[in-house]
Each structure stands twice: as C-alpha cells, then as structure tokens.
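As a plain string of letters, each chain reads:
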Amino acid sequence: MTADPLAFHEDEKEIKLRMRRADISLLSRHHLVKSSSKSPPLKKHLVSVYYDTPDHRLFANGLTLRIRQDRGAHIQTMKSGLAADGLTRQEWHRKVAGKRPELDGFPDSRLSQKLHAIIGERPLRPVFTTDVLRTAWMLDLPEGDRVELALDVGKLTTRGREMPLCEAELELKSGDGARLFEVAQSLRESVPFEVASQSKSSRGYALAAGAAAEPVKPSNIEIAAGATVEQAFKGIVRNCLDQLAANEAGAKLGHDMEYVHQMRVASRRLRTAIGLFAPLLAGQGRFDPAAETRWLAKQLGPARDWDVFIAETLMPLCKEYRRSTGLRQLATLARGHRRQAYEGVRESLTGPRYTALQLGFGQWLARRGADARGGAEAAEGLSRPAADFADEMLAKQWKRINGLARRHASLSIEQWHRLRILAKRLRYSVDFFRSFYDRREVKRLYDGLGEIQDRLGALNDADIGRKLLGTVMAAGVVAKTAGTGARGRPRVQAQGEADLAHAEAVIHGWYAARATLPPEGFGRLWKRLAAKPPEWKRVPSA
C-alpha cells in the first residue's frame, strides 16, 4: 500500500498546565502573550475520539490512537509515551476517510507493522472523546524561539461519564526546549496553574475504567551499555520524576495511603540520585534541586508517619485488645491528625512551590542539568562511561555501609539510623544501575538490602511512633477535660484518663518488644549478605 502523501511524523515537545476557567482572562492579558503574539489567536472547535482494543493493548504499550475532526477533515494521530527528557513524544499523523482508524499508510511502515502486532485480531473501539474549544497564540520570543500557547476548554466524555477540561499547552515549534519552562515560569507570575501530571489520554482511560490509576511503584531503568554519566543521570532523575507525577493525583485525593507512600519513595530516590551525582552537578540559577526535594519529602512525611502509626501499631493493637476503650480513643484522635496531615499534602501539591519544583526540574534537565562545576575536568567526568561511574559509586557505598555494619554489636541508636539510611541509598543505587550488572547478583543484593532496610525500619517506626503517641496523648487528655474549676484547674474524668494511660503503656510495650538493639536477626542477615562481597560483574555488551 502506498503511503499517504499527507502523512507526516514529528517529535512534539510540550508542557501541559491545568488551570481554572475563572483565570482564563489572566492568560490572554499576560504581558508575554500580548507582546509576543503578532496576530490574533486562532480559534478552533476540536472533537477527538480515542480508540483502543477492548483490553486497551495500545495504552498498555505506551501508545494512543485518536481521530480528530478539524474543519471538516479527519486527522488520525498515533502518539508515543514521553521520552527520557519528559518533554518529547513522537507523533505520526495522516488523513483518513472518516471516523474509523486506518492502521496502514503511516510514513513509517514499521509503525504499521508494530500496530498490527500489538492489536492482532482485536477490534478497535472508541474509549473516550474530547470536545474542546481551542484558542491558540503563536509566541515569537525575543531569543528567536517559537512557542504555541494553546488553551483547551471543554469536556472529556465516556460511557455516560464526563470530566471538565481546562488546560493550556505550551508546544515548542522551533528553538530550545528549555524555553518552554521559561515561558511557563513567566506565565506563573500572574496566572495560577498546576503542571498537569496526567495527559488527556491518561485521564480519559481512568474515566473509562471508572477508577483512579493504581499507585505506581518504581519502574526499571534501562541505561544503554555505552551511555555517558550525563545520559544516565538524566534518565534516572526522569524516572524518579515520572513516579512522582504518576502518584500525585491519588495522593491529593487521600483515599489510599499507598499514593503518598510511593510519592515519598520517589522523593527519596530522587534525593539519592542527586547525591550520587552531586560532585559533577551545578544548580540552575536560583533552583536548588536538593533543597526542593528535601522540602517535598518534608511535606509528605507527616501523612506517611500517621499512616504507619495507625496501620502498623494502633490497628493491630485494637484488634488484639478489643475491649480497650483507650486504644480506640487514641485511634480516633490519630485519624484526626492524619486528616490534617493529608490536607497539608493537598495544599502542598496544589501550591505554587510544588509547581515551581516541577518546572525547575524540567528546566534543569532540559538545560543540561548536569552542568559542570570545574570546567574541562568536570565536563570530562560527565562524558565518561556511566558503567565505570557506577562501579566506583557502588563500591564506595558498599565500603561505607560495610564498615558500619561490621560493628553492629556496639552501635548507638544514632548509628543504627545512619546504617538504615546507608542501606536504603545503596539499595536505590543498585536499582538505578541494575542494567549494567549480572541479574542474579543484583537480585541478591537488592533483596538482601531490602530485608535489612525492613528490619532497621522498625527502629525508625518506633522512634516516630513514640513521638506521635505523645501528640495523641496530649490531645486525649484535653478531650477528656470536663471543664475548669473556680481556680482554673481542669477537672479530668478519672476513668477516661486511666483508659488512655493503659493504652499508652500497651503501645510502649509493643515498641519495646519490636524495636530492640541490636535489631533481632540483624547479625545473621548481614553475615549472609557480606559473606559474598559484591563484585559488580558487568553484563557483556550486545
């Protein structure tokens, strides 16, 4: 079959921004839009139908297929997932005769072959539809870059359900991809918005399923055998940011504690990655990635701490001591504190600093986030093989943790916490660079460090749990205060106070039995892991 002469392929670089309809006028009046657009905005009514197999095979393979009605024509578009830079996705376009997909005729015949292989004999059916009024400005920037600012207002519909849409899209037409973030940061001065962590297609599939996406755990990172240090750094950081974004919507809802947990995991992985490459990195202007990641972890921490305290301490004890009024009262008070912590998470994730963090990381990576600090020498370090860098970093981390773990019989509580952090960082680092090494050796180390991390985590959970217990005990005594006497002294209900005191004693006993020093079984676990020191055996290059 002859390819359609109107078919074409392009690499699209874009950022999507969610905003409120009430703020649309602020966008059109922004000084950058008024000064950089040489002609009036172009308005279009666009109706797009997204197709997939009944079991959503295309979406599972990182592809979306749509047919858009645009001024009487039907344009079929296939989109890939985001590339490692977090900006770019491939698009293949072609005109079709009507509203049904045509898999052949793309400019790249390999795409048609891939589609047939994925779809097989399965039928393609509509999954959802977007119906929007698009207002588009072409911005000619002083530096010579061209950026299209497109505002879509409308709705997404599927199976009798609908979702309002109001989002702006910044798409690079020519120039430097980092300019998109500069434009977004300029707009943010007077236009409230959030960086869209989900594409229209992701939201459409979720609406069609009638449920939010599942919490997303870390995905495997595949670093090419010949990758440079800088390429590895960008791929690792992007992977962490993707996990962060994938769990954002669920964390805001607060219905499932796993979303906040996975956002926190993503932030810790991100901190580990920045620390690994720190000697070779420089900040981008006022953006400090390490400081911003610490800030995010601090915002997520209280919600996760209350989740763990309730799920792993209070709930098991309430089940064990069913008649304990004090434990039930503490659980009720703890849930109140958790609700407040989750409200803090929502405020943080919808606030300006989190938006600035997202834009800052994007620009940092797009502008060669691994800018060198020491001239030619540092630049040379960034261009060296990533596998050599991984060998050195993992060996250093192993030496550090092994030196501390061998003295486990005499460690202080502070040193145990330090050991826990070192184990966690080494485990994340092993995961980052796993594609370079023997699969069995990686699994042995990763699983072994996971056991140690869990064992030492009990110490940390107990330490935090005791602090949270103090908080709910104080709230419980206040709640039990019946009033004040003539001299301002509280009259406390004696039985209620006794119930709380008993519950407090039970919890302290629970922690004392589970958070022993040294942690039970640690010596055996470490001996087994350290009996065969890692050799970091490379996988032969293909």
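Residues numbered from 1 in each chain as written. Predicted model: local features only at pLDDT ≥ 70, side-chain atom pairs only at ≥ 80, totals over all residues. Heavy atoms only, no water.

## A word on the overall build of the protein
Part 1 of the reasoning: Helices and strands together make up the secondary structure of the protein, namely 18 helices and 11 strands.
Part 2 of the reasoning: If one aligns the C-alpha atoms of the protein with their principal axes, the spans along those axes are about 80 × 65 × 50 Å.
Part 3 of the reasoning: Per-residue burial over the protein gives 49% buried out of 542 residues.
Part 4 of the reasoning: Relative to all contacts within the protein whose residues are 6 or more apart in sequence, the contacts with residues 24 or more apart total 74%. (Helix = DSSP H or I, 4+ residues; strand = E, 2+ residues; numbered from the N terminus. Buried < 20%, exposed > 50% of the residue type's maximum accessible area, 1.4 Å probe, protein only. Contact = heavy atoms within 4.5 Å.)

## Topic: the environment of leucine 133
Part 1 of the reasoning: Along the chain, leucine 133 falls in strand E6 (residues 125–140).
Part 2 of the reasoning: The class for leucine 133 is partly exposed, based on a relative accessible area of 44%.
Part 3 of the reasoning: A C-alpha to C-alpha distance of 6.3 Å links leucine 133 and leucine 46, two positions 87 residues apart in sequence.

## A few points about the confidence of the model for the protein
Part 1 of the reasoning: On average, residues of the protein score 89 in pLDDT, and 90% of them are at 70 or above.
Part 2 of the reasoning: Overall, residues 482–492 carries pLDDT values under 50, and its contacts beyond four positions in sequence, including any with other chains, amount to 13 contacts. (pLDDT = per-residue confidence, 0-100.)

## Points about unusual backbone geometry
Part 1 of the reasoning: Leucine 517 connects to proline 518 through a cis peptide bond whose omega is -10°.
Part 2 of the reasoning: Residue placement: proline 518 occurs in the loop between helix H17 (494–514) and helix H18 (522–530).
Part 3 of the reasoning: Of note in the backbone geometry, histidine 56 takes a positive phi value of approximately 55° without being a glycine.
Part 4 of the reasoning: Topologically, histidine 56 is positioned in the loop between strand E2 (42–52) and helix H3 (57–60).
Part 5 of the reasoning: The phi dihedral of arginine 159 is positive, around 50°, even though this residue is not glycine.
Part 6 of the reasoning: With respect to the helices and strands, arginine 159 occurs in the loop between strand E7 (146–158) and strand E8 (161–174).

## Side note on the environment of arginine 538
Part 1 of the reasoning: Summarising the element assignment, arginine 538 is placed in the segment after H18.
Part 2 of the reasoning: Given the relative accessible area of 38%, arginine 538 is considered partly exposed.
Part 3 of the reasoning: In this structure the C-alpha to C-alpha distance between arginine 538 and aspartate 438, which are 100 residues apart in sequence, comes to 6.2 Å.
Part 4 of the reasoning: Setting aside its immediate chain neighbours within four residues, arginine 538 contacts Ala387, Asp388, Asp391, Phe436 and Tyr437.
Part 5 of the reasoning: Polar contacts involving the side chain of arginine 538 include one to the main-chain carbonyl oxygen of alanine 387, which spans 3.3 Å. (Polar contact = N/O pair within 3.5 Å; in protein donor to acceptor, adjacent residues only side chain to side chain.)

## Concerning the packing of helix H10 (residues 289–320) against helix H12 (residues 352–366)
Part 1 of the reasoning: Running from N to C, H10 and H12 cross one another at 145°; their axes reach a closest spacing of 11 Å. In terms of crossing hand, the pair formed by H10 and H12 is left-handed. Across the interface between the two elements, Pro289, Ala291, Glu292, Thr293, Trp295 and Leu296 of H10 pack against Arg353, Tyr354, Leu357, Phe361 and Trp364 of H12.
Part 2 of the reasoning: For the contact of H10 with H12, a count of residues per class yields eight nonpolar, one polar and two charged. (Axes fitted to C-alpha atoms, helices over the stretch in contact; angles between N-to-C directions. Left-handed = near helix turned anticlockwise from the far one by under 90°. Nonpolar A, V, L, I, M, F, W, Y, C, P; charged D, E, K, R; others polar.)

## Points about the pattern of salt bridges
Part 1 of the reasoning: The full count for this structure, using the stated rule, is 39 salt bridges.
Part 2 of the reasoning: The salt bridge involving glutamate 91 is made with lysine 79; its shortest N-O contact spans 3.1 Å. Here glutamate 91, found in strand E5 (residues 88–95), pairs with lysine 79, found in strand E4 (residues 73–79); they are 12 residues apart in sequence, far enough to count as distant.
Part 3 of the reasoning: In this structure glutamate 91 comes out as buried when scored by relative accessible area, which is 2%.
Part 4 of the reasoning: Three or more residues joined by partner-sharing salt bridges are found here, namely Arg134, Asp152, Glu167, Lys200 and Arg203. (Salt bridge = Lys/Arg side-chain N within 4 Å of Asp/Glu carboxyl O.)

## Quick look at a positive patch on the surface
Part 1 of the reasoning: Residues Arg271, Arg294, Lys396, Arg400, Arg418 and Arg425 make up a contiguous surface patch of positive charge.
Part 2 of the reasoning: Contributions of two or more residues to the positive patch are made by helix H14 (386–405) and helix H15 (413–432).
Part 3 of the reasoning: Considering the arrangement of structural elements, one finds lysine 396 in helix H14.
Part 4 of the reasoning: On the basis of relative accessibility, which here comes to 48%, the residue lysine 396 falls in the partly exposed class. (Patch = residues over 30% accessible without salt bridge, like charges linked within 9 Å, V, L, I, M, F, W, Y side chains within 5 Å. Areas by Shrake-Rupley, 256 points an atom, 1.4 Å probe, with all protein chains shown as cover. Lys, Arg positive; Asp, Glu negative; His and termini not counted. Charge placed at Lys NZ, Arg CZ, Asp CG, Glu CD.)

## With respect to the packing of aromatic side chains
Two aromatic rings are characterised by how far apart their centres lie and by the angle between their planes.
Part 1 of the reasoning: On inspection of all chains with the given rule, the structure shows 17 aromatic pairs.
Part 2 of the reasoning: Plain terms: the ring middles of phenylalanine 277 and phenylalanine 433 are 6.5 Å apart, the flat faces sit at 55° to each other, and that makes the pair tilted. Here phenylalanine 433 lies in the loop between H15 and helix H16 (439–480) and phenylalanine 277 lies in helix H9 (residues 257–277), a separation of 156 residues in the sequence.
Part 3 of the reasoning: A relative accessible area of 2% means that phenylalanine 277 is categorised as buried.
Part 4 of the reasoning: Under the relative-accessibility criterion, phenylalanine 433 is labelled buried at 0%. (Phe/Tyr/Trp six-rings, centres within 6.5 Å; stacked < 30°, edge-to-face > 60°.)

## Quick look at the packing of helix H7 (residues 229–246) against H9
In a pair of packed helices, the angle between the axes and the distance between the axes together describe the arrangement.
Part 1 of the reasoning: The contact between H7 and H9 brings their axes to 8 Å, and the two run at 165°. In terms of axis orientation, H7 runs roughly antiparallel to H9. Like other packed secondary-structure pairs, H7 and H9 cross with a definite hand, here left-handed. Listed contacts from H9 to Val229, Phe233, Ile236, Val237, Asn239, Cys240, Leu241, Gln243 and Leu244 of H7 are Gln262, Met263, Val265, Ala266, Ser267, Arg269, Leu270, Ala273 and Phe277.
Part 2 of the reasoning: Looking at the contact of H7 with H9 residue by residue, the classes come out as 13 nonpolar, four polar and one charged. (Parallel < 35°, antiparallel > 145°, perpendicular 65-115°, else oblique.)

## What about the side chain of serine 186?
Part 1 of the reasoning: Position of serine 186 relative to the elements: it lies in helix H5 (residues 178–187).
Part 2 of the reasoning: In this structure serine 186 comes out as buried when scored by relative accessible area, which is 14%.
Part 3 of the reasoning: With near-sequence residues (within four places) excluded, serine 186 lies in contact with His30, His31 and Leu32.

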